[in-house]
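# Observations on the three-dimensional arrangement
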Amino acid sequence: MMDEPAAVALTDGFGRRIDYLRVSVTDRCDLRCSYCLPKDFKGFETPANWMTHDEMARLVGLFVGLGVAKVRLTGGEPLLRKGVAGLAATIAAMPGLRDLSVSTNATQLARHAQSLRAAGVNRLNISLDTLDAAAFSQITGRDCLDAVLAGLAAARQAGFTPIKLNSVVHAATPETEVRRLLAYALEQGFVLRLIEPMPMGECGRGFTHTDLNAMGARLAAAAGLVPSLAESRNGPARYWTSGRGAPVLGVITPMSRHFCASCNRVRLGVDGTLYLCLGQEDQVPLGRLLRAGASDSDLVQAIRAGIAAKPERHEFNARPERIVRFMAQTGG
Ligand SMILES: C[S@@+](CC[C@H](N)C(=O)[O-])C[C@H]1O[C@@H](n2cnc3c(N)ncnc32)[C@H](O)[C@@H]1O
Ligand code: SF4
């Protein structure tokens, strides 16, 4: 696929090895989660600028050639993009790729779970903030909790492991609701991950975070869970387990205890923009370069230069007004 082999893996200016790429296959979504997308949002990317599947596969292939071993398809809502299972199959077949996952809101997962599994997707992260139908409608703008629960059942049946539930928990979230989610996750064999809201775009800034380390520890103690140190070393989440090995509860705390020193990821927007940090503006217009006729080695050079300049950390606490783009635009 590349016209020159990648001699050296991607390492940024702070010595961090970058081996994880998140790809936003669309910035559109059928929900309007209050912390993610404004209800009346009009600023979506025009379809002419969306990378085609072939263009996405070409860019992803370059990253995989540079040692990226983990890819996540996300958005917006990735299952709104036509043919996403085909794109997944192309990526899953790339030599060197070890892990292909999808983040989804699961509204359409009941229809797609089997084909994603057959395409080689091994893990799913599914957004679920509440099991209360009225609260779900209020948070997401749509009355479709049943469709999401059907999607979760289909995912379990299709054999994805693990299935992680991502829940944004903020200062006003009732802890009783989080306990209910944990009981559900334990019963269903899912992993519940609690996430502090980040001030991305004006809606992200509308939420105050609460220290989820403390809440996680409280919930874990009440459920008889113990810290899972091995799992906590593998990524941004800190986990608890029931003692049988696999984690069952995790917290992701970008605001109260950030994990930038061990960041291993970058993100590709639907137009091929490479975002180097969720909480900074630094970016590389790979899609524009590609459409202007850049060769694979030109693109590899642009990727390497971008990674070398990856910012040290986000500044969400010190400069919450900094990031005007919404989470759905960057690819969460
Ligand atoms: C942007 S969504 C994209 C994938 C898919 N639509 C979904 O909801 O899982 C990915 C993740 O970002 C999270 N997210 C969105 N806005 C956020 C914010 N302001 N702060 C923290 N997490 C956020 C969502 O809860 C979700 O778990
Ligand atoms: S969190 Fe996911 S489901 Fe919710 S609005 Fe954002 S992209 Fe859509």
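Residues numbered from 1 in each chain as written. Chains lettered and ligands numbered in written order. Predicted model: local features only at pLDDT ≥ 70, side-chain atom pairs only at ≥ 80, totals over all residues. Heavy atoms only, no water.

### Focus: the UniProt feature "binding site: [4Fe-4S] cluster 2" (unreviewed entry) in the protein
Residues given the UniProt feature "binding site: [4Fe-4S] cluster 2" (unreviewed entry) here are Cys 260, Cys 263 and Cys 277. For the annotated residues, spread through 18 residues, the largest C-alpha to C-alpha distance comes to 9.4 Å, consistent with a single compact locus. Tracing the backbone through its elements, the reader meets Cys 260 in the loop between strand S9 (247-252) and strand S10 (265-268). Setting aside residues up to four positions removed in sequence, Cys 260 forms contacts with Arg 16, Glu 312, Arg 313 and His 314. Setting aside residues no more than four positions away along its own chain, Cys 263 makes contact with Arg 16, Arg 17, Ile 18 and Lys 310. (UniProt positions renumbered as here; feature names shortened; annotations may be inferred. Helix = DSSP H or I, 4+ residues; strand = E, 2+ residues; numbered from the N terminus. Contact = heavy atoms within 4.5 Å.)

### Quick look at the packing of aromatic side chains
Evaluation of the coordinates by the stated rule reveals three aromatic pairs. Geometrically, the ring pair formed by Tyr 35 and Phe 207 is edge-to-face, given 6.2 Å between the ring centres and 75° between the ring planes. Taken together, the residues span a long stretch of sequence, with Tyr 35 in the loop between strand S1 (20-26) and helix H1 (53-65) and Phe 207 in the loop between helix H7 (201-204) and helix H8 (212-223) at a distance of 172 residues. Residue classification places Tyr 35 among the buried positions, given a relative accessible area of 15%. Over the ring of Tyr 20 we find Lys 70, and its NZ or CZ is 4.5 Å from the ring centre. (Phe/Tyr/Trp six-rings, centres within 6.5 Å; stacked < 30°, edge-to-face > 60°. Buried < 20%, exposed > 50% of the residue type's maximum accessible area, 1.4 Å probe, protein only. Lys NZ or Arg CZ within 6 Å of the ring centre and 35° of its normal.)

### Topic: the site of ligand 1
Neighbouring residues of ligand 1: 18 residues in total, closest Tyr 35, Gly 76, Glu 77, Ser 127 and Met 198. Here Thr 104 contributes a backbone N or O atom positioned 3.3 Å from an oxygen atom of ligand 1. Between ligand 1 and Met 198 there is a distance of 2.8 Å, counted from a nitrogen atom to a backbone nitrogen or oxygen. Taking 550 Å² as the accessible area of ligand 1 by itself, protein coverage stands at 95%. Taken together, the residues of the shell around ligand 1 break down into six nonpolar, ten polar and two charged. (Near = heavy atom within 4 Å. Polar contact = N/O pair within 3.5 Å; in protein donor to acceptor, adjacent residues only side chain to side chain. Areas by Shrake-Rupley, 256 points an atom, 1.4 Å probe, with all protein chains shown as cover. Nonpolar A, V, L, I, M, F, W, Y, C, P; charged D, E, K, R; others polar.)

### Quick look at the pairing of strand S3 (residues 99-104)
In terms of burial, S3 is largely enclosed, as six of its six residues are buried. With burial as the criterion, each face of S3 is covered, one bearing Asp 99, Ser 101 and Ser 103 and the other bearing Leu 100, Val 102 and Thr 104. In terms of strand pairing, strand S2 (residues 70-75) meets S3 through four bridges, oriented parallel. Within the sheet, the bridge partner assigned to Val 71 lies in S3 and is Leu 100. After leaving S2, the chain enters helix H2 (residues 84-92) and then returns to the sheet as S3, a path that is right-handed. Here S3 runs beside strand S4 (residues 123-127); their pairing, made up of four bridges, is parallel. (Pairing = 2+ DSSP bridges. Right-handed = clockwise from strand over helix to strand, strands pointing away.)

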